[in-house]
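Summary of structural features
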Amino acid sequence: MYRRFRMPSVWRELDQLQREMNRLMEVPFGMRSFSPLGFPAINIWTSEDKLIITAELPGINADDIDLNITADSLTLSGERKQEQMGDEVKYHRQERSYGKFTRTIQLPFMVDPDKAQAVFKNGILEISLVRAEVDKPKKIAVKAR
Amino acid sequence: MTKKEEKAIQVTDQEVVEHEGLERTRERQCFVPKTDIYETDEMIVLVADVPGVDRDAVDITLDKNVLSIDAFNSSEEHEGYSVTYSEYVPGDYHRKFRLTKEIDPEKIEAVVADGVLELRMPKSEGARIKKIPIKAG
């Protein structure tokens, strides 16, 4: 604090400007979309003691998805298989990709792996997780003396 | 937050840009679905990724050889939850293709399963390739 007062005022003004710029660039959280860090693209929804992870997995058979859950991480792996086509097939365009994938997601809090549930519908995998009892925040009562 | 181990598949959504000053009335974002198109002797097959779309939420129209695909996303917000990390936006899908005259519009079949739309478009009789055997003289 002592040093700050000795800074030339122009620095202080720049500092202020920078902070204002940062605030301008701020987007409400939840509106911000990150580019996918791998396949599949995921979204994470949280409430106080629950967690929902959704992943876009179009054209993948539910039996070809492997889910491994530990207390604090989730590994999604599987394969998108290409239909076997005969030699006489001519491709006009090919934009969809195929192959194996593995993705590990670090969970924002500890979960109970036994309570995990997964539903696959319309090419979207939805995994519901419940926060582990030991990890739940505890309220501390403040006593008056 | 995440680490990737394999990069066999990559997906990035491309948003639809409307031309001629037209705007969508629906609030949801709209994307161009990734599409494969291939041709066999009998038909042309179109396969598009439309994750989150129910089988009865797809509109396919053929108007003067222009095939339009509209697929509406039915995924909902999770009540009581907030988004803490997001890599994709659940949106609708729209794409148009110009077909050649060799398609028989009456016989087009569409199937939606596991977030994938498959359109089978049989060629009209006259457009099928006929192999002409060459006889030894």
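The residue count restarts for each chain, going from 1 along the sequence in the order it is written. For this description, chains carry letters from A and ligands carry numbers from 1, given in the order in which they are written. Only residues with pLDDT of at least 70 are given local features in this predicted model, and only at 80 or more are side-chain atom pairs given and counted; all residues enter the totals for whole chains, interfaces and linings. The side-chain values count all of the structure's non-hydrogen atoms but skip hydrogen atoms and water molecules.

Excluding glycine, most residues fall at negative phi; most peptide bonds, likewise, are trans. Residue and element names in this part refer to chain A. With a phi angle near 50°, Asn122 is a residue other than glycine that sits in the positive phi range. Segments assigned H or I by DSSP are reported as helices when at least four residues long, segments assigned E as strands when at least two residues long, and all are numbered from the N terminus. Mapping Asn122 onto the fold places it in the loop between strand E7 (117-121) and strand E8 (124-130). The cut-offs for exposure are 20% and 50% of the maximum accessible area for each residue type, with area from a 1.4 Å probe on protein chains only; residues under the lower value are buried, those over the upper are exposed, and the others partly exposed. Assessed through its relative accessible area of 15%, Asn122 is described here as buried.

So, about the confidence of the model for chain B. Residues and elements named next belong to chain B. The share of residues in chain B with pLDDT of 70 or more is 80%, and the mean pLDDT across the chain is 80. In the model of chain B, strand E1 (residues 2-4) stands out as the element of lowest mean pLDDT, 41, in contrast to strand E11 (residues 116-122), which has the highest, 93. Here pLDDT means the predictor's own confidence in every residue, given as a number from 0 to 100. Throughout, a residue-residue contact means that at least one pair of heavy atoms, one from each residue, lies within 4.5 Å. Counting contacts from residues 1-8, a segment whose pLDDT is below 50, to residues more than four positions away or on other chains yields 20 contacts.

DSSP calls a pair of strands paired once it identifies at least 2 bridges connecting them. Reading across from one edge, E5(A)-E4(B)-E5(B)-E11(B)-E10(B) is the order of the five strands in this open sheet, with antiparallel pairing throughout. Pairing within the sheet leaves two strands with one partner each, and these edge strands are strand E5 (90-94) of chain A together with strand E10 (109-113) of chain B. Shown here is a sheet whose adjacent strand axes are inclined to one another by a mean of 15°, direction ignored. Examined bridge by bridge, strand E5 (residues 43-49) of chain B and E11(B) share seven bridges and lie antiparallel to one another. Axes here refer to lines fitted to C-alpha atoms; in helices the fit is confined to the stretch in contact. Angles between the N-to-C directions go from 0 to 180 degrees.

Looking at where B:Pro51 falls in the secondary structure, it is placed in the loop between E5 and strand E6 (53-63). Taking the relative accessible area as the measure of exposure, B:Pro51 reaches 6% and is therefore buried. Ignoring sequence-local partners within four residues, the contact set of B:Pro51 consists of A:Glu56, A:Pro58, A:Asn122, A:Gly123, A:Ile124, B:Asn73, B:Tyr93 and B:Gly115.

The next thing to look at is the interface of chain B and chain A. Taken together, the contacts link 47 residues of chain B with 55 residues of chain A. Approximately 5,000 Å² of surface area, both sides summed, lies buried where chain B meets chain A, with 52% of it carried by carbon and sulfur atoms. Any carboxyl oxygen of Asp or Glu within 4 Å of a side-chain nitrogen of Lys or Arg constitutes a salt bridge here. Along the contact surface separating chain B from chain A lie five salt bridges. The shortest N-O distance in the salt bridge between A:Glu95 and B:Arg95 comes to 2.9 Å. Pairs of N or O atoms are called polar contacts if they sit within 3.5 Å, as long as, within protein, a hydrogen donor faces a hydrogen acceptor (for residues adjacent in sequence, only side-chain-to-side-chain pairs). On inspection of chain B and its partner chain A, the count reaches 24 residue pairs in polar contact (both at pLDDT 80 or more). By convention, the term buried area covers the 1.4 Å-probe accessible surface removed from two parts as they join, with the contributions of both added.

Bringing a nonpolar patch on the surface into the picture now. All names here are of chain A. Surface patches are defined over residues having more than 30% relative accessible area and no salt bridge, joining like charges when they lie within 9 Å and nonpolar side chains (Val, Leu, Ile, Met, Phe, Trp, Tyr) when within 5 Å. Where accessible areas are quoted, they stem from the Shrake-Rupley method and a 1.4 Å probe; at the residue level, only the protein chains shown are allowed to cover. Together, Val10, Trp11, Leu14, Leu17 and Met21 give the surface a local cluster of nonpolar side chains, amounting to about 500 Å² of exposed area. By the secondary structure assignment, Leu17 is in helix H2 (residues 9-25). For Leu17, a relative accessible area of 48% puts it in the partly exposed group.

In this section: the sheet that holds strand E2 (residues 50-56) of chain A. If you trace the five strands from one edge of the open sheet to the other, you get E7(A)-E8(A)-E2(A)-E1(A)-E8(B), paired in antiparallel fashion. At either margin of the open sheet sits one strand with a lone partner, and together these are E7 of chain A together with strand E8 (82-86) of chain B. When strand polarity is set aside, the average angle formed by the axes of neighbouring strands in this sheet is 20°. Direction of pairing for strand E1 (residues 42-46) of chain A relative to E2(A): antiparallel, over a ladder of five bridges. Paired with A:Trp45 across the strands is A:Ile52, a residue of E2(A).

Okay, the nonpolar core next. A:Leu51, A:Ile53, A:Leu57 and A:Leu125 are the most contacted members of the largest nonpolar core, which has 21 residues in total. Taken together, the elements giving at least two residues each to this core come down to E1, E2, strand E4 (73-80), strand E6 (99-106) and E8 of chain A. By nonpolar core we mean a set of buried residues, namely Ala, Val, Leu, Ile, Met, Phe, Trp, Tyr and Cys, connected to one another through side-chain atoms within 4.5 Å. In terms of nonpolar packing, the next biggest core, distinct from the first, is built from 20 residues, B:Ile44, B:Leu67, B:Leu117 and B:Met121 among them.

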